[in-house]
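Analysis of the macromolecular model
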Amino acid sequence: MKGLLIKDYKLIMHNKRMFLILMVVWFLAFQNYDGYSFLIAYSTMIFILLALNTISTDEYYKSTPFLLTLPVKRETYTAEKYVLMLGLSLLGTALSTLLCILVHRNLLQELILEGVSIYIILVLFQLLMIPIQLKFGNDKGRIVLLGLLAVVAGIASSIGTILPLIFSMQGSIAEMLTNAVQWFIGLPIDRIVAVIILTCTVCFAVSYGCSLHIMRKKEF
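Attention in this report is confined to the structure presented alongside it. (Residues numbered from 1 in each chain as written. Predicted model: local features only at pLDDT ≥ 70, side-chain atom pairs only at ≥ 80, totals over all residues. Heavy atoms only, no water.)

With respect to empty space enclosed by the protein
Enumeration over the complete set of coordinates arrives at one cavity of 30 Å³ or more. For the largest cavity, the calculated volume is near 30 Å³. For the largest cavity, the full set of lining residues is Leu11, Ile12, Asn15, Leu50, Asn53, Thr54 and Thr57. Among the elements that take part in the lining of the largest cavity, helix α3 (residues 36-60) stands out by supplying four residues, more than any other. Of the residues in the lining of the largest cavity, the class split is three nonpolar, four polar and no charged. (1 Å grid on protein atoms, 1.4 Å probe; cavity = no way out; pocket = protein on both sides within 12 Å on 5 of 7 lines; lining within 4 Å. Points joined across faces, edges and corners; volume = space filled by probe spheres on them. Helix = DSSP H or I, 4+ residues; strand = E, 2+ residues; numbered from the N terminus. Nonpolar A, V, L, I, M, F, W, Y, C, P; charged D, E, K, R; others polar.)

Looking at the environment of Ile112
For Ile112, the position within the fold is in helix α6 (residues 108-167). Since its relative accessible area comes to 42%, Ile112 is described here as partly exposed. Each C-alpha atom, one on Ile112 and one on Thr93, is 9.8 Å from the other, the two residues being 19 residues apart in sequence. What Ile112 contacts, discounting residues up to four positions off in sequence, is Thr97 and Ile101. (Buried < 20%, exposed > 50% of the residue type's maximum accessible area, 1.4 Å probe, protein only. Contact = heavy atoms within 4.5 Å.)

Describing the layout of surface pockets
Size it by volume and the largest pocket reaches roughly 330 Å³. Around the largest pocket sit 14 residues that line it, and Ser117, Ile120, Phe184, Ile192 and Ile196 are the ones nearest its centre. Counting residues per element, the ones that place at least two in the lining of the largest pocket are α6, α7 (173-185) and α8 (189-217). Looking at the lining of the largest pocket residue by residue, the classes come out as twelve nonpolar, two polar and no charged.

What about the nonpolar core?
Ranked by size, the top nonpolar core spans 35 residues in total, and within it Leu52, Met85, Leu88, Cys100, Leu111 and Leu134 carry the most contacts. Those elements that provide at least two residues to this core are α1 (2-13), α2 (16-29), α3, α5 (74-103), α6 and α8. Top contributing element to this core by residue count: α3, with ten residues. Leave out the neighbours within four places in its chain, and Leu134 touches Ile55, Tyr77, Thr78, Ser211, Ile214, Met215 and Lys218. (Core = buried A, V, L, I, M, F, W, Y, C linked by side-chain atoms within 4.5 Å.)

Re the pattern of salt bridges
Counted under the stated rule, the structure contains six salt bridges. A salt bridge links Lys7 to Asp8, with the shortest nitrogen-to-oxygen separation between them at 2.6 Å. Two residues, Lys81 and Asp58, come together in a salt bridge whose shortest N-O distance is 3.2 Å. Taken together, the positions of Lys81 in helix α5 and Asp58 in helix α3 put the pair 23 residues apart, joining distant regions of the chain. Through salt bridges with shared partners, one network takes in Lys7, Asp8, Asp58, Glu80 and Lys81. (Salt bridge = Lys/Arg side-chain N within 4 Å of Asp/Glu carboxyl O.)

A look at the packing of α1 against α3
Two elements in contact, α1 and α3, have axes separated by 10 Å at closest approach and are oriented at 105 degrees. Looking at the two axes, α1 sits roughly perpendicular to α3. Between α1 and α3, the contacting residues are Lys7, Asp8, Leu11 and Ile12 on the first element and Leu50, Thr54, Thr57 and Asp58 on the second. Taken together, the residues of the contact of α1 with α3 sort by class into three nonpolar, two polar and three charged. (Axes fitted to C-alpha atoms, helices over the stretch in contact; angles between N-to-C directions. Parallel < 35°, antiparallel > 145°, perpendicular 65-115°, else oblique.)

Shown next, in the form of structure tokens:
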């Protein structure tokens, strides 16, 4: 796995344009006092895209079949992509949060909570994206992801109409969701952490299992 990480590191370092964009975004975000949320989220997404780009680069240059002729197993290749993406996204979140703390030192706790929340949300996005990228490749993967997002958006926009009809639910759906969120927030901190860890662990297990299945069945 170490050799694969070194290979992807060198691929990422060639993508200087993305780093230039990131520096511009950091500069513009610091001009706005309330721009730290956008800065943390956008910086993390840039690092995620850099990691995802290594999969599309391997596909474009036919690197994966060559790598699999070496002492590299499909399981190792899959695990390395998860390590790379989760590690890079954590680095992006940590760097941007640290920069925001240096500028807004009076918002230390708020910024740390913001960074952790954004990282958790984007981890779930990554766990969805990796199997799609491995299965469909770069171009088709984007289409599939956009389709999934459109379906989720459609369901979310119509949930207030559909659920009362199906389950004969009374009251406002928005009010029910608000009450559920307030109940969750009102839980002891250890239970909240336990629920988040359990959710991420289950999602990781499902995502990694799907990716392993895809790589084992994939023909090059």
